[in-house]
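Notes for the structure review
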Amino acid sequence: MITLNINNNDVAIDAPPEMPLLYALRDIAQMTGTKFGCGQGLCGACTVHLNGQPIRSCVTPIAAIGNQKVTTIEGLADTTQHHVQIAWREYKVPQCGYCQSGQQMSAAALLAQNNSPSDEQIDQHMQGNICRCGTYKRIKAAIKQAGNAIAQEATIQGAQS
């Protein structure tokens, strides 16, 4: 039995330590927002955060997680929707939608470090996330919009402090 901290909740996982985190999330914890894509960590559909950093859950064994915090698409926002999720809707990013949870998790990690990334920074950070529908222009626009919203929120919070 392994206990993982998933979305700020301790979840007991009864599985072999070599089980990929993706399967523990989907099959045991019943958190199906994280998707299986290629199974080799190349497409990004399975992206989750480990202590705020994006990782590919399909190639990360649960034994490697330890006491670190796992955040899935279900736990991206504490109370309401994350700015990335809102921008995704506003820009109608999803076409088939399959890759979108991984895309959003990668985008949120980027914006946590830099809420005003350049086009080149977005391209570099998102290059491991493949969208078979080709909505890359909408993804980039949504990332910029979410970054602006995050910056505005930080300015407002700073002024209120």
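For the structure, see preceding data.
What you see as residue numbers is a count from 1 along each chain, following the sequence as written. Given that the model is predicted, a residue must reach a pLDDT of at least 70 before its local features are reported, and side-chain atom pairs must reach 80 or more before they are shown or counted; all residues, however, enter totals for whole chains, interfaces and linings. Excluded from the side-chain calculation are hydrogens and water; included are all heavy atoms of the structure.

**Focus: the packing of aromatic side chains**
- What counts as a ring pair is set by centres within 6.5 Å for rings of Phe, Tyr and Trp (its six-membered ring), and what kind of pair is set by the plane angle: stacked under 30 degrees, edge-to-face over 60, tilted for all other angles. Enumeration according to the criterion identifies one aromatic pair in this entry.
- Relative to Phe-36, the ring of Tyr-23 lies with its centre 6.5 Å away and its plane at 25°, an arrangement referred to as stacked. A residue pair is termed long-range when its members are at least 10 positions apart, and Tyr-23 in helix α1 (residues 21–28) and Phe-36 in the loop between α1 and β3 (47–50) qualify at 13 residues. A run of H or I in DSSP counts as a helix once it spans at least four residues, and a run of E counts as a strand once it spans at least two, with each numbered from the N terminus.

**Here's the deal with the pairing of β3**
- Relative accessibility decides the category of a residue: with a 1.4 Å probe and only protein chains considered, values under 20% of the type maximum give buried, values over 50% give exposed, and everything between is partly exposed. Here β3 shows no split at all, with Thr-47 and His-49 on one side and Val-48 and Leu-50 on the other all buried.
- With four bridges joining them, β3 and strand β4 (residues 53–56) adopt antiparallel strand pairing. From the neighbouring strand, Leu-50 faces β4, where its bridge partner is Gln-53.
- The rule for pairing is simple: two strands pair if DSSP sees at least two bridges between them. The loop that links β3 with its antiparallel partner β4 comprises two residues; one of these, Asn-51, has a positive phi angle of about 55°.
- Alignment of β3 against strand β5 (residues 69–71), held across two bridges, turns out to be antiparallel. Bridged to His-49 within β5 is Thr-71.

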